[in-house]
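Reading the structure
The primary structure of each chain is shown beneath.
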Amino acid sequence: MAQRDSTVLRDREYETIFILRSDVSKESSESISTRLSEVVGREGGKLTRIESWGRRRLAYPVGKQKRGVYMYLKYIGRGGLVSEVERNLRLLDDVLKYQTVKLNDEVQRDAVVVAAEDVKFEYIEPPADAEAEESLARELGLEDRHDRDRDHDDRRRDPYADDADELGEEEVAAANAMGGEDDE
């Protein structure tokens, strides 16, 4: 019978992506990161990376929230660690959604080197005003879908309406002769 080498501990590597409410306070977000770090340590795991991916639009509204702060957590541990991390995320009111994925089945904990800046939480300031975000979207041409549909409907009714200001008289006459309405 072969004996297992008990000195070499093999763990699994996991990543958890979770979404915080877009209006989460700095104190609340710091307490969430501290709590998750404590859970990983208490369960015998090793935190290897924390990243803040920023405030983004959600694919669909979650709990009346349209935007959220995306966070990435990477860690090494054994089976019970994942269920404990997810249990803690489930208990936190500021967490909208989370998902955990196993990255690697066998990782030697001692071989993984973690830099201090990789496990430092970065808080993202919320925008000063929600309207400022919307006006920036309009400024960049990323207007509301309803507005685009309305513009599209207007062009279907009069395809030359926008072009008439830019075209010369001859070009307008030629466009009208090709199927447009005659003004005379």
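In the block above lies the structure referred to throughout.
Reference entry: report on the structure contained in this document. Everything quoted here is computed from the prediction, not taken from an experiment.

**Describing the pattern of salt bridges**
The tally for this structure, following the rule as stated, stands at 8 salt bridges. Close ionic contact of R87 with E84 constitutes a salt bridge, the shortest N to O distance being 2.8 Å. Residue R87 and its partner E84 are located together in helix α2 (residues 79-91), separated by 3 residues, close to a single helical turn. For E84, a relative accessible area of 14% puts it in the buried group. Here K102 ties to D105 by a salt bridge, and the two come within 3.0 Å at their closest N and O atoms. Taking the relative accessible area as the measure of exposure, D105 reaches 43% and is therefore partly exposed. Residues joined in a network through salt bridges with shared partners are R12, K102 and D105.

**Description of the environment of G79**
Following the sequence through the fold, G79 ends up in helix α2. Along the primary structure G79 and D11 are separated by 68 residues, whereas in three dimensions their C-alpha atoms are 8.7 Å apart.

**Quick look at the sheet that holds strand β1 (residues 10-21)**
The strand order across the open sheet formed by 4 strands is β2-β3-β1-β4, and the pairing between neighbours is antiparallel. Every other strand in the sheet has two partners, leaving β2 (46-62) and β4 (95-108) as the edge strands with one partner each. The sheet shows a mean angle of 20° between the axes of neighbouring strands, direction not considered. By the bridge criterion, 11 bridges tie β2 to strand β3 (residues 65-77) in an arrangement that is antiparallel. If you follow L47 over to β3, its bridge partner there is Y75.

**Structural notes on helix α1 (residues 26-42)**
The end-to-end C-alpha distance of α1, which contains 17 residues, comes to 24 Å, matching closely the 24 Å that a straight helix rising 1.5 Å per residue would cover. All of the buried residues in α1 are S28, S29, I32, S33, L36, V39 and V40. Buried positions in α1, seen along its axis, are confined to an arc of 135° and lie on one side of it. Seen from the open side of α1, the exposed residues pointing more than 90 degrees away from its buried face are E27 and R42. Along its buried surface, α1 packs onto β1, β2, β3, α2 and β4. Of the residues one or two after α1, G44 is the one with positive phi, at around 80°.

**Quick notes on the packing of α1 against α2**
With their axes 9 Å apart at the nearest point, α1 and α2 run at an angle of 155° to one another. With respect to α2, the axis of α1 lies roughly antiparallel. Judged by the twist between their axes, the crossing of α1 over α2 is right-handed. Contacts from R35, L36, V39, V40 and R42 in α1 reach L81, E84, V85, N88, L89 and L91 in α2. Of the residues belonging to the contact of α1 with α2, the class tally is 7 nonpolar, 1 polar and 3 charged.

Criteria and cut-off values
Residues numbered from 1 in each chain as written. Predicted model: local features only at pLDDT ≥ 70, side-chain atom pairs only at ≥ 80, totals over all residues. Heavy atoms only, no water. Salt bridge = Lys/Arg side-chain N within 4 Å of Asp/Glu carboxyl O. Helix = DSSP H or I, 4+ residues; strand = E, 2+ residues; numbered from the N terminus. Buried < 20%, exposed > 50% of the residue type's maximum accessible area, 1.4 Å probe, protein only. Pairing = 2+ DSSP bridges. Axes fitted to C-alpha atoms, helices over the stretch in contact; angles between N-to-C directions. Expected span 1.5 Å × (residues − 1). Arc of directions from axis to C-beta. Contact = heavy atoms within 4.5 Å. Parallel < 35°, antiparallel > 145°, perpendicular 65-115°, else oblique. Left-handed = near helix turned anticlockwise from the far one by under 90°. Nonpolar A, V, L, I, M, F, W, Y, C, P; charged D, E, K, R; others polar.

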